[in-house]
Amino acid sequence: MSNKKPNNNSFQMQVFKTISITILAFGAITMIIPFIWSVITSLKSAENIFAHSAFWIQFPPDFSAYKQIWERIPLLKYAGNTLKVASIVTIGQLITSSLAGYAFARLKFPGRDKLFFVYIATMMVPGMVLLIPNFIVMKNLGAINTHWALILASVGSAFGTFLMRQFFLTFPSELEDAAKLDGCNPFMIYWHILLPNSKPILTTLGLMAFQGIWNDFQWPLIVLNSASKRTLQLGLSYLMSEYYTDWGLLMAGSVLTLLPIILLFFAVQKYFVQSFKFTGLKG
Amino acid sequence: MVNDRKKTELPASNYSKLNRRREAIWGYLFISPNFLIILAFTVIPVFLSLYISLTDWNILGTPNFIWIDNYKAIFSDPLAKETFFNTIYFTVLSVPINVFLTLILAVFLNQKIRGITFFRTAYYLPVISASVAVSLMFMWILANNGLLNQMLGSLGVEPIRWLTSPKIALNSVIGVTIWKGLGLNMIIFLAALQDIPQELTEAAAIDGANRIQQFFKITVPLISPVIFFVTITGVIGSFQSFDLVYNMTKGGPGHATSVIGYYIWKQAFDYMNMGYGAALAYIVFAVILILTLVQWVIRKRWVYSED
């Protein structure tokens, strides 16, 4: 009797594991097939895409879609625009959020807690409500159709500030107190003690900002109108409206715009996963 | 005596007063870059948006104050009605399916099995992928002679017009939305599951509870705040969906896939009806605000009940 139970349990375990792996594998394949299918399509010659069945793979592959795309749209220019905006926003957000987060966590000033409540409250405002008024604010600032419209709107972050504050609150204060006695001012403490010790969280926050701007679509669509200002996502969307049946070309464009983020993901997967968990804190 | 005390303490309190003042100045200095951006692009716009929603502004002319005419117009706009209906359908279908699937996947992933890194990575890929590229990939998969119809065709199924049939298109967009979002909630659930003390499930197992009983009697009650949170954020997210609709269907065929996030953009930035668009957005804002507040209140109650 006492022998039977663990056996029964381990049998149950085995069944459960087998079911888990089967369903997980089925799901994982569903996740990956669209990507593989895009790559396969992008490596077919235009005349072969419709001539053969979907499961047919061209060998040797034809790279002409990857050559053509540079002639159809200024991809390098778009990549440069995106990289410029994403880098400025990332660095800006890291600086402004860590400074504000430090002040909210460690410095005392009148109205601090009320201001922080305002920060928390702004996190509840859905981005959709801000599109129209921000368009008008940008119009009045003369920032429409410039990259300033993308940079200014994102260079400060309530969520980033909240995250940095929570992190600094858990940071032991002994080092800080010692530095204070040595006559360090708050900026020196921030620069020499807190920042060097918050690299992981800064990396995660930076990644979230960078990926957010890289993948952003609606706001650039609203504020940019000249072709030379477009970001990658905008460029890809316009490519689709112009060559909407040229699937080889469109898949090549998708693969090229996805590649940098996917490579970044594999390089620093740990921080990406952390950023997913932070997204869970957002609401 | 009162004087005495003042005399002895004055220098010290003067000193700390100066220090406190200095600290306050540093504090304001540190928050100001971030605060000014939040003020200019979040706080002021919330009020500006309310004002715009009470005008007939169309960018070109000067705005006239028309009180609640925009809000009245929404209630007699058949397209707005269709859009609201589509949005509710979208939400009611996509959120529960997402929550159900991600919870199951997280439970499966929360054990020692082979290839776990591969599985996780596979589910993350759609999350980090930009919505425009995802739209393009699925437009090709769901095309009349695309991968899905060819796969079904080999089973003898007639081609289905996934994106061009008014009856099916919205479901297709919902499907892609679910596909793209699985990895995110899965991770949130996985983190919650890993927080459950193992002794609890082990004790239940010794008492003879099987996996399914363990799941419903221990796991679900313990992570119910997370389930609730994921549901609310899912609802909020689905109210704002735009990218996939814009790129895959442009709200069509007809208005079959016109959801509120798309309709607001259409009114404000295609027809330039800024006032009308702002009024639509404000209605959604009110609904989201109520949902968020409900979530906060319930979350707090849950935290208390845990003590």
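Residues numbered from 1 in each chain as written. Chains lettered and ligands numbered in written order. Predicted model: local features only at pLDDT ≥ 70, side-chain atom pairs only at ≥ 80, totals over all residues.

**Student:** Sorry if this is basic, but what is going on with the overall build of chain B here?
**Tutor:** From N to C terminus, chain B includes 12 helices and 0 strands. Starting at the N terminus and ending at the C terminus, chain B contains elements arranged as α-α-α-α-α-α-α-α-α-α-α-α. Oriented by its inertia axes, the alpha-carbon framework of chain B measures out at about 100 × 75 × 30 Å. Looking at chain B as a whole, 41% of its 307 residues qualify as buried. Expressed as a percentage of contacts within chain B between residues at least 6 apart in sequence, the contacts between residues at least 24 apart total 68%. (Helix = DSSP H or I, 4+ residues; strand = E, 2+ residues; numbered from the N terminus. Buried ≥ 20, exposed ≤ 12 C-beta atoms within 10 Å, placed from the backbone. Contact = placed C-beta atoms within 7 Å.)

**Student:** Any chance you could explain the overall build of chain A here in plain terms?
**Tutor:** When its secondary structure is counted, chain A shows 15 helices and 0 strands. Summarising its shape, the C-alpha atoms of chain A cover approximately 80 × 75 × 35 Å along the three principal directions. Counting all 283 residues of chain A, 40% fall into the buried class. Residue pairs in contact within chain A that sit at least 24 positions apart in sequence constitute 76% of those at least 6 positions apart.

**Student:** How do you make sense of the interface of chain A and chain B when you look at a structure like this?
**Tutor:** When the parts of a complex come together, some accessible area is lost, and that lost area is often taken as the interface size. If you look at the interface, chain A gives 79 residues, while chain B gives 79 residues. Broken down by element, the residue count for the side of chain A that touches chain B peaks at 17 residues, all from helix α1 (residues 4–42) of chain A. The class makeup of the residues in the side of chain A that touches chain B is 51 nonpolar, 24 polar and 4 charged. (Nonpolar A, V, L, I, M, F, W, Y, C, P; charged D, E, K, R; others polar.)

**Student:** Can you walk me through helix α7 (residues 169–194) of chain B in this structure?
**Tutor:** Residues that lie three or four places apart on an α-helix share one face, since the helix turns once every 3.6 residues. Residue and element names in this part refer to chain B. Taking 1.5 Å as the rise per residue, α7 with 26 residues should run 38 Å; its terminal C-alpha atoms sit 38 Å apart, in good agreement. Helix geometry: α7 is bent most strongly at Gly-181, by close to 45°. Among the 26 residues of α7, 19 are classified as buried, and the element is accordingly described as predominantly covered. (Expected span 1.5 Å × (residues − 1). Bend = angle between axes of the 7 residues up to and from the residue.)

**Student:** Would you explain the environment of Ala-73 of chain B in this entry?
**Tutor:** One can find Ala-73 of chain B in helix α2 (residues 69–75). Given 17 C-beta atoms within 10 Å, Ala-73 of chain B falls into the partly exposed group.

**Student:** Explain the nonpolar core to me, please; I cannot follow it from the model alone.
**Tutor:** In globular proteins that are soluble, nonpolar side chains generally tend to be buried together. Membership of the largest hydrophobic core comes to 148 residues, with the highest contact counts inside it found for Ile-132 of chain A together with Met-186, Leu-280 and Ala-281 of chain B. With 13 residues, the single largest contributor to this core is α7 of chain B. Those residues in contact with Ile-132 of chain A that sit more than four places away from it in its chain are Ser-49, Ile-52, Ala-268, Met-274, Gly-277, Ala-278 and Ala-281 of chain B. (Core = buried A, V, L, I, M, F, W, Y, C linked by C-beta atoms within 7 Å.)

**Student:** I tried to follow the confidence of the model for chain A on my own but got confused; where do I start?
**Tutor:** Residues and elements named next belong to chain A. Within chain A, residue pLDDT values average 88, and 95% of them lie at 70 or more. Within chain A, helix α2 (residues 46–51) has the poorest average pLDDT of any element, 76, and helix α12 (residues 218–223) the best, 96. Within the model, pLDDT remains below 50 along residues 1–6, and this stretch shows 0 contacts once partners closer than five positions in the same chain are excluded. (pLDDT = per-residue confidence, 0-100.)

**Student:** Before we go on, may I ask you to explain the packing of helix α4 (residues 116–128) of chain B against α7 of chain B in this structure?
**Tutor:** The description of two helices packed together rests on the angle between their axes and the distance between the axes. Residue and element names in this part refer to chain B. One way to put it is that α4 packs onto α7 with a least axis distance of 7 Å and a crossing angle of 115°. The way α4 lies across α7 gives a crossing that is left-handed. Across the interface between the two elements, Tyr-123, Tyr-124, Pro-126 and Val-127 from α4 touch Trp-179, Lys-180, Leu-182, Gly-183, Leu-184 and Met-186 from α7. Of the residues that constitute the contact of α4 with α7, the class distribution is 8 nonpolar, 1 polar and 1 charged. (Axes fitted to C-alpha atoms, helices over the stretch in contact; angles between N-to-C directions. Left-handed = near helix turned anticlockwise from the far one by under 90°.)

**Student:** So what exactly am I meant to see when it comes to the domain arrangement of chain B here?
**Tutor:** Residue and element names in this part refer to chain B. Each domain of chain B was delimited in the assignment, giving domain 1 (1–53) and domain 2 (75–306). Computed from C-alpha coordinates alone, the two centres of domain 1 and domain 2 are separated by 42 Å. Residue-level contacts link 4 residues of domain 1 with 6 residues of domain 2. For the side of domain 1 that touches domain 2, the class distribution of residues is 2 nonpolar, 2 polar and no charged. (Domains from an automatic or database assignment.)

**Student:** Just to check I follow, could you spell out helix α10 (residues 186–194) of chain A for this structure?
**Tutor:** By the burial criterion, the buried members of α10 of chain A are Pro-186, Ile-189, Tyr-190 and Leu-194 of chain A. Across the axial projection of α10 of chain A, the buried residues extend over an arc of 100°, all falling on one side. (Arc of directions from axis to C-beta.)

**Student:** Sorry if this is basic, but what is going on with the environment of Thr-122 of chain A here?
**Tutor:** When you line up the elements, Thr-122 of chain A lands in helix α5 (residues 112–122). For the pair formed by Thr-122 of chain A and Ile-88 of chain A, sequence separation is 34 residues and the distance between their alpha carbons is 23 Å. Setting aside anything within four residues of it in sequence, one finds Thr-122 of chain A in contact with Ala-158 of chain A together with Ile-38, Thr-42 and Val-43 of chain B.

**Student:** Would you mind showing me how to read the confidence of the model for chain B here?
**Tutor:** Residues and elements named next belong to chain B. Across chain B, the average pLDDT comes to 87, with 93% of residues at 70 or higher. Below pLDDT 50 for its whole length, residues 1–10 participates in 0 contacts with residues either more than four positions away or in separate chains. What the predictor reports for the complex is a pTM of 0.89 with an ipTM of 0.89.

**Student:** How do you make sense of unusual backbone geometry when you look at a structure like this?
**Tutor:** Peptide bonds are trans in most cases, and residues, glycine excluded, mostly fall at negative phi. All names here are of chain B. In this structure, Pro-253 follows Gly-252 across a cis peptide bond, with omega equal to -5°. Its place among the elements puts Pro-253 in the loop between α10 (243–248) and α11 (260–270). Of note, Met-272 is a non-glycine position whose phi angle comes to about 60°, a positive value. Its location among the elements puts Met-272 in the loop between α11 and α12 (274–306). Note on Met-272: 14 C-beta atoms within 10 Å, which makes it partly exposed.

**Student:** What's the story with the environment of Pro-96 of chain B in this structure? I'm lost.
**Tutor:** Examined against the element boundaries, Pro-96 of chain B turns out to sit in helix α3 (residues 78–109). Look at Pro-96 of chain B and you get exposed, because 12 C-beta atoms sit within 10 Å.

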